[in-house]
Amino acid sequence: MKKRTIRVITRGANGELRIRDYDSPEELLKRHLQIGIDDCSTDLSLRGYPVLRGLIGPIPDGPNFVRYESPDVFEAATREWSTAKQPKRRTRRKHSS
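Counting from 1, residues in each chain are numbered in the order their sequence is written. In keeping with the model being predicted, local features are shown solely for residues with a pLDDT of at least 70 and side-chain atom pairs are shown and tallied solely at 80 or more, while totals for entire chains, interfaces and linings include all residues. Hydrogens and water are ignored here; the side-chain numbers use all heavy atoms of the structure.

Novice: Explanation requested: the overall build of the protein chain in the structure shown.
Specialist: Helices and strands together make up the secondary structure of the protein chain, namely two helices and six strands. The numbering of helices and of strands both runs from the N terminus, where a helix is a DSSP run of H or I of at least 4 residues and a strand a run of E of at least 2. Reading the protein chain from its N terminus to its C terminus gives the helix and strand order β-β-α-β-β-β-β-α. Residue burial is assigned from relative accessible area. The probe radius is 1.4 Å, only protein chains are included, and a residue is buried under 20% of its type maximum, exposed over 50%, and partly exposed in between. Buried positions account for 27% of the 97 residues belonging to the protein chain. As presented, the protein chain carries roughly 7700 Å² of accessible surface, and 50% of it is formed by carbon and sulfur atoms. Every accessible area reported is derived by Shrake-Rupley at a probe size of 1.4 Å, with residue values counting cover from the shown protein chains alone.

Laid out in structure tokens, this is it:
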């Protein structure tokens with residue numbers, strides 16, 4: 001596995017995001033229960049990372065981070081991403097000669 005920081009994002013009781021970083025999978029496994037190993041990610045660098053009970057991930061997050069999210073954080077982030085205003089693409093028309 002490539003050296004990456006592992007980031008876990010959850011939501012606190014008051015609704016604010018809680019972010020905790022870990023330097024290694026071993027540190028992560030001291031606080032979270034492993035239920036499997038990622039062996040099918042399309043990002044090959046994530047294969048071998050733990051699959052954790054109650055968290056969605058591993059998710060690539062740039063070259064130096066691997067992210068895990070609680071289901072509610074994942075759903076909210078996905079909703080925001082899917083409804084984000086996309087810049088309009090210019091369409092080129094073929095001109096007939």
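Novice: What is the right way to look at the pattern of salt bridges in this model?
Specialist: Salt bridge, as used here, is a side-chain nitrogen of Lys or Arg placed within 4 Å of a carboxyl oxygen of Asp or Glu. Summed over all chains, the structure comprises five salt bridges. Here Glu27 makes a salt bridge to Lys30, at a shortest N to O gap of 3.2 Å. Residue class for Glu27 comes out partly exposed when judged on its relative accessible area of 36%. The network of salt bridges with common partners includes Asp61, Arg67 and Glu69.

Novice: Just checking my understanding: could you explain the nonpolar core for this structure?
Specialist: Generally speaking, a soluble globular protein has its nonpolar side chains buried in company with each other. Core analysis: the biggest nonpolar cluster contains 10 residues, these being Ile6, Val8, Tyr22, Leu28, Leu46, Tyr49, Leu52, Leu55, Val66 and Tyr68. Whether two residues touch is decided by their heavy atoms; if any such pair falls within 4.5 Å, the residues are in contact. For Leu28, the contacting residues outside a window of four places in its chain are Ile6, Val8, Tyr22, Pro50, Leu52 and Tyr68. As used here, the term nonpolar core means buried Ala, Val, Leu, Ile, Met, Phe, Trp, Tyr and Cys residues forming a set that is joined through side-chain atoms within 4.5 Å.

Novice: Looking at this structure, I do not really get the side chain of Glu69. What am I missing?
Specialist: With respect to the element layout, Glu69 can be found in strand S6 (residues 65-69). We define a polar contact as two N or O atoms separated by no more than 3.5 Å, with the added condition that, inside protein, one atom must be a possible hydrogen donor and the other a possible acceptor, whereas residues neighbouring each other in sequence contribute only through side-chain atom pairs. At 2.6 Å, the side chain of Glu69 forms a polar contact with the side chain of Arg67.

Novice: Whenever I open this one, the pairing of strand S1 (residues 5-11) confuses me. Can you help?
Specialist: A regular strand places its side chains on the two faces of the sheet in alternate fashion. As judged from the five bridges shared by S1 and S6, these two strands associate in the parallel manner. Paired with Arg7 across the two strands is Arg67, which belongs to S6. Any two strands with at least two DSSP-identified bridges between them are counted as paired. Relative to strand S2 (residues 17-22), S1 runs antiparallel, the two sharing six bridges. Each residue of the ladder has a partner; that of Ile9, found in S2, is Ile19. Turn length for the S1-S2 hairpin, with the two strands adjacent in sequence and antiparallel, is five residues, and the turn residue Gly15 shows positive phi of about 95 degrees.

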